Amino acid sequence: MKTNFQNAYSPLARLVACACLVLATAASAQPRLDRANSVIFANGGVVATLDPMRSDYAQTNFIASTLYETLVTYDANANVVGRLAESARLAPDAMSIAVKLRPDVLFHDGGRLSARDVAYTLDRLKRLGLGVASQIDGYDKTVVHDDLSLTIRLAKPSTIFLGALSKIYIVNARLVTANAGTDEGQTWLQSHAAGSGPYELGAPFGASTVVTLFAKYREPAAGRPGAIVFRRIDEGATQRDELRAGNVDLAVLGMGYRDADLMDKEGRVKDARLKPALQTNIFFNTRTGPTADARVRKAIRLAYDYEGGLSRIRLGNGTLANGPLPVGMPCRPDLPQVRRDLTEAKRLLKEAGQENMQLTMRFQPTVEVQRLEATLLQSNLAEIGVTLKLEPISFAAYLASTAKVETIPQMMLLDDFAQYPDPGAVLLRGYKSTAVGTNRGAYANPAVDKLLDQALTTTNDAQRCELYKRVQTMLEQDSALMPLYSVGRPVPYRPQQIVLPQASPVVFPLAPADLRLVRKP
């Protein structure tokens, strides 16, 4: 979890790749897919825009992550490393970041990346305030020194700002400005791209979005597909059938654990069983209603059959939770695992004066495992005299509900992904009393706020880590949330076509540009 990096620059050979979509005939506008040199990526949900600003939505982010690049990313050890940036250094006062760009980066239109593109990207996000703009809260301005040197200045100290840049895709300022229209290029970017990533936007293949290899990309990679086709398939059963038929190569969102496990046992399709920084949590409204009482929250936590849920619903694909951060994140204290104790749960409810209590929990009905987990908790709570009403909600509607304490659900079941592997990304956004919209339970504790404020200004990694551990211990003592388990993600794929996919620390649950063909073109 280091907040500085300094990488030596060494030139890389240019990638020479042929276009991966071949026109069928001169009379036809529909391209023919070079199937041996492509990957068909099945995913549920509509792609409303390709504007990288809206990569807070997974469907947009999958595609944007192939078309664009970020200044920095994370390595396997949760350290910040360069991508477009050759170096980036957080100032001792955490008020600025000095950046030196790589000199070999080309945008897809042939223009070279410059510091002005970085400044334009960050300024655009600040002006529009949408999507991933929330990741760079506190951004002030960018000072451009020359084509490759810049300083990002902050309005307030932030030790997590450098890591948050792993979520910000840099756009071609000249191209977006030329197509700005009246909305800063939002309309144009719905269906166009202005990036420098390993793929550029290709001709549509039916209703699917297609990206094709950018021939002048600076980093060659053996086995990189010539094309990736993003095909919308909402139903898990349809994804399963298309995988079996060989019409798609992997399915990422929408596939259930049982179908993925069944296909894995059949052998023709394997389950990658990815382990992203993902945890299943129930968030309480800690400010209103019965769940404002920590004793009630703890009683609810003690009622759930964690081991049964993990083994029967998630098919053992995960680990029982022990704290607010997913297993594998840095700076986690040694907290006890979640457990079930109905006797203690009943005692706590009696102490809180809550008998025959009625509660409501929201969940996403399109997620099969959530339906099962919600029903299991409903049954478990009945054993301690609590009636749980289950109400479905879409994720978009849920996000809107978090804007006010009064509309935050009493209880909400979520699979929660750490956007990048810095504990501050979860703790500061999720439990700071002033973090409206991302503080899912309206949690407020002045002692926690004080520690989090201190962490924002502490540039010493070890000292900041200790502060984060203290925060997590306090959250556990308050039963601020109900963690269930850190979970793996079923990702069935065709091993005849692609190499075993790997989890990504910044793109949930994998980065499509990291996919590789078994047979190298």
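Relevant structure appears above.
This structure is a prediction, so every number in the text was calculated from the model and none was measured. (Residues numbered from 1 in each chain as written. Predicted model: local features only at pLDDT ≥ 70, side-chain atom pairs only at ≥ 80, totals over all residues. Heavy atoms only, no water.)

Section: the nonpolar core
So, point 1. Counting residues in each nonpolar core, the largest one holds 142 residues, and the members touching the most others are Leu-71, Ile-152, Leu-165 and Leu-250.
So, point 2. By residue number, the principal contributor to this core is helix α15 (residues 461-477), which donates six residues.
So, point 3. Sequence-distant contacts of Leu-165, that is, excluding residues within four places in its chain, are made with Thr-70, Leu-71, Val-72, Ile-97, Leu-122, Ile-136 and Ile-152.
So, point 4. Membership of the second largest hydrophobic core comes to 14 residues, among which are Ala-227, Ile-233, Val-248 and Met-263. (Core = buried A, V, L, I, M, F, W, Y, C linked by side-chain atoms within 4.5 Å. Buried < 20%, exposed > 50% of the residue type's maximum accessible area, 1.4 Å probe, protein only. Helix = DSSP H or I, 4+ residues; strand = E, 2+ residues; numbered from the N terminus. Contact = heavy atoms within 4.5 Å.)

Thoughts on empty space enclosed by the protein
Unfilled space is identified by rolling a water-sized probe across the atoms.
So, point 1. A complete count under the given rule lists one cavity of 30 Å³ or more for this structure.
So, point 2. Put simply, the largest cavity is a space of about 70 Å³.
So, point 3. Around the largest cavity, the lining residues are Asp-51, Pro-52, Met-53, Thr-121, Arg-124, Leu-125, Val-132, Ile-168, Tyr-169 and Val-171.
So, point 4. Taken together, the residues that form the lining of the largest cavity break down as seven nonpolar, one polar and two charged. (1 Å grid on protein atoms, 1.4 Å probe; cavity = no way out; pocket = protein on both sides within 12 Å on 5 of 7 lines; lining within 4 Å. Points joined across faces, edges and corners; volume = space filled by probe spheres on them. Nonpolar A, V, L, I, M, F, W, Y, C, P; charged D, E, K, R; others polar.)

Describing the packing of aromatic side chains
So, point 1. One pass over the full model with this rule turns up eight aromatic pairs.
So, point 2. Measuring from ring centre to ring centre gives 5.1 Å for Tyr-304 and Tyr-306, while their planes differ by 85°; the resulting arrangement is edge-to-face.
So, point 3. We classify Tyr-304 as buried; its relative accessible area is 1%.
So, point 4. Aromatic side chains Phe-395 and Tyr-398 sit 6.3 Å apart centroid to centroid with 40° between the ring planes, which places their arrangement in the tilted category. (Phe/Tyr/Trp six-rings, centres within 6.5 Å; stacked < 30°, edge-to-face > 60°.)

So, the packing of helix α9 (residues 306-313) against helix α11 (residues 368-382)
So, point 1. Where α9 meets α11, the axes come as close as 11 Å, and the angle between the chain directions of the two elements is 150°. Here α9 is positioned roughly antiparallel relative to α11, judged by the angle of their axes. Judged by the sense of rotation from one axis to the other, the crossing of α9 with α11 is right-handed. Contacts between α9 and α11 pair Gly-309, Arg-312 and Ile-313 from the former with Val-369, Leu-372, Glu-373 and Leu-376 from the latter.
So, point 2. Of the residues contributing to the contact of α9 with α11, the split by class is four nonpolar, one polar and two charged. (Axes fitted to C-alpha atoms, helices over the stretch in contact; angles between N-to-C directions. Parallel < 35°, antiparallel > 145°, perpendicular 65-115°, else oblique. Left-handed = near helix turned anticlockwise from the far one by under 90°.)

A few points about the sheet that holds strand β19 (residues 387-392)
So, point 1. An order of β17-β21-β16-β20-β18-β19 is seen for the six strands of this open sheet, with the pairing classed as mixed. Since the sheet does not close on itself, it has two edges, and those belong to β17 (318-320) and β19, each with one partner. Going across the sheet, the axis of each strand differs from the next one's by a mean of 25°, ignoring polarity.
So, point 2. Relative to strand β21 (residues 481-487), strand β16 (residues 278-284) is paired through five bridges, and the arrangement is antiparallel. Looking at β21, one finds that Gln-279 is bridged to Ser-486. (Pairing = 2+ DSSP bridges.)

Let's talk about helix α13 (residues 423-431)
So, point 1. The element α13 is extensively covered by neighbouring structure, given that eight of its nine residues are classed as buried.
So, point 2. Within α13, the full set of buried residues consists of Pro-423, Gly-424, Ala-425, Val-426, Leu-427, Leu-428, Gly-430 and Tyr-431.
So, point 3. Looking at the buried residues of α13, the elements they touch are β16, α14 (446-457), α15 and β21.
So, point 4. The opening residue of α13 is Asp-422, an N-cap whose side-chain oxygen sits 2.8 Å from the backbone nitrogen of Gly-424. (Polar contact = N/O pair within 3.5 Å; in protein donor to acceptor, adjacent residues only side chain to side chain.)

Regarding a nonpolar patch on the surface
So, point 1. On the surface, Tyr-57, Phe-395 and Leu-399 cluster together to form a nonpolar patch covering roughly 220 Å² of accessible area.
So, point 2. Looking at the element boundaries, Tyr-57 is found in the loop between β4 (38-43) and α1 (58-67).
So, point 3. Among the residues examined, Tyr-57 registers a relative accessible area of 33% and is labelled partly exposed. (Patch = residues over 30% accessible without salt bridge, like charges linked within 9 Å, V, L, I, M, F, W, Y side chains within 5 Å. Areas by Shrake-Rupley, 256 points an atom, 1.4 Å probe, with all protein chains shown as cover. Salt bridge = Lys/Arg side-chain N within 4 Å of Asp/Glu carboxyl O.)

A closer look at the pairing of strand β10 (residues 149-154)
The side chains of a regular strand alternate between the sheet's two faces.
So, point 1. Along β10, five of the six residues are buried, which leaves the element largely enclosed by surrounding structure.
So, point 2. In this structure, strand β8 (residues 96-101) lies alongside β10, joined through five bridges in antiparallel fashion. Note that in β10 the partner of Lys-100 across the bridge is Ser-149.
So, point 3. Here strand β9 (residues 139-146) pairs with β10 via six bridges, running antiparallel. The residue bridging Tyr-139 from the neighbouring strand is Leu-154, located in β10.
So, point 4. Hairpin connection between β9 and β10: a loop of two residues separates the two successive antiparallel strands.

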